[in-house]
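Chain and residue survey
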Amino acid sequence: MKAPDMPHDHDHDHGHDHDHAGHDHDGVHSHAPDVSASNEKVVLVGFLLTFGFMFAELIGGLLSGSLALIADAGHMFTDAAALALSWAGFRFGRRKRDDKRTFGYMRFEILAGFINAISLILLVLWIAYEAVQRLLEPAPVLAGPMLVIAVLGLVVNCGVFWMLMKGDTEHVNIRGAMVHVMGDLLGSVAAIVAAVAIYFTGWTPIDPILSVLLAAIVLRSAWALLKASLNVLMEGTPGNVVVSDLKQTLVAQVQGLVNVDHVHVWSITSGQPVATMDVQLADGTDAAKALSEVKALLAQDYGIAHSTIEVDFGQGDVTCALDPDAGEMDDHDHDHDHGHSHAPKPA
């Protein structure tokens, strides 16, 4: 017996920032148009400012001989690339789904965030290498030009960071861009400190030393961003969901629900979690009402507005094809649109 098709009801208020007005009748969720437009605008302006000033900082670093400025210029180059990727991510993310990409292009944003993190880690390694070379072979540094460029860089970075703060700061790509810009901002501060110290003391090793300290700070943030984006790419469970707790919560709060099994929760992109599961109902339970309550609870407590739920009517032993030993189940058939279903073993 097949479970009745249940409507996706998202009229409840679950405190989630995403606007589900764009939810069509197929159960496809769109990004909130106003947030995406705002994100796209601030990222684009941030890119133009960062890319433009990068050349001034690079030239200033080469003329003054400051590793801190050169490193910051390199960081601004990766910032510009990261912001361009983020902007492209927002543009692609708004494209409609098609027959080949049933979730649309929303995952492109996560790929951009992953590339941001990798580029930051590579930059940190380069800065560390250059700093060691400067410590072994000190080079003269012109403190005056270095100070002027560093102050201008600080002003530009503060402006870009302020603009990004006006976007959706919970979004993985906005977070990634903010990490980049924060690294630039700290780099400008380090360059200012180094320029003042060199001007008054002539001690040039402070330039590579502060560059290494900056690299360590950026590495910590880049690692966190890498883990967050990789978790989405690996279909990991969102951080606010513990599957065992979710099962217990549903059974405890939905009347007539006796068991929840084969739970899969993942994110399509930042802030867009989805879930599939099997549920068992007590005899006499209204299946339509129970499933509606499960969907409402998932949305309210976990922010999961898109869920596919199959009712197990006691057909027999069921093994999920995604389990490690599922290959031994010859007659198990997964025919969901989401790539898995839970067909019972034949009696």
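Remember, predicted model here, so these are calculated numbers, not experimental data.

Moving on to the overall build of the protein chain. Summing up its helical and strand segments, the protein chain has eight helices and three strands in all. Scanning the protein chain from its N terminus toward the C terminus, one meets helices and strands in the order α-α-α-α-α-α-α-β-β-α-β. Considering the protein chain as a whole, with its 347 residues, one finds that 47% of them fall into the buried category. Restricting the contact set of the protein chain to residue pairs at least 6 apart, pairs at least 24 apart contribute 70%. In the structure as shown, the protein chain presents an accessible area of about 17300 Å², 61% of it carried by carbon and sulfur atoms.

Turning our eyes to something else, we now look at the nonpolar core. In terms of nonpolar packing, the biggest core is built from 22 residues, with Leu246, Leu250, Leu257, Met277, Val279, Val294 and Leu298 touching the most fellow members. Taken together, the elements giving at least two residues each to this core come down to helix H7 (243-253), strand S1 (257-267), strand S2 (273-281), helix H8 (287-302) and strand S3 (306-312). With seven residues, H8 is the single largest residue contributor to this core. When residues no more than four places from it in sequence are discounted, the contact partners of Leu257 are Leu250, Val251, Val279, Gln280, Leu281 and Val294. With 19 residues, the next largest nonpolar core counts Leu69, Val141, Ala197 and Ile198 among its residues.

The next point concerns the pattern of salt bridges. Tallied over the full model, the rule gives one salt bridge. Here Arg134 ties to Asp207 by a salt bridge, and the two come within 4.0 Å at their closest N and O atoms. Separated by 73 residues along the polypeptide, Arg134 in helix H3 (residues 108-136) and Asp207 in helix H6 (residues 206-233) bring together distant segments of the chain. Asp207 carries the same exposure label as Arg134, and that label is buried.

What follows concerns a nonpolar patch on the surface. On the surface, Leu147, Val151, Val155, Val196, Tyr199 and Phe200 cluster together into a nonpolar patch covering about 600 Å² of accessible area. Where the nonpolar patch is concerned, the elements lending two or more residues are helix H4 (143-165) and helix H5 (172-201). Its place among the elements puts Val196 in helix H5. You can call Val196 partly exposed: its relative accessible area is 34%.

Calculation criteria
- Residues numbered from 1 in each chain as written.
- Predicted model: local features only at pLDDT ≥ 70, side-chain atom pairs only at ≥ 80, totals over all residues.
- Heavy atoms only, no water.
- Helix = DSSP H or I, 4+ residues; strand = E, 2+ residues; numbered from the N terminus.
- Buried < 20%, exposed > 50% of the residue type's maximum accessible area, 1.4 Å probe, protein only.
- Contact = heavy atoms within 4.5 Å.
- Areas by Shrake-Rupley, 256 points an atom, 1.4 Å probe, with all protein chains shown as cover.
- Core = buried A, V, L, I, M, F, W, Y, C linked by side-chain atoms within 4.5 Å.
- Salt bridge = Lys/Arg side-chain N within 4 Å of Asp/Glu carboxyl O.
- Patch = residues over 30% accessible without salt bridge, like charges linked within 9 Å, V, L, I, M, F, W, Y side chains within 5 Å.

Distances and angles like these do not, on their own, reveal function.
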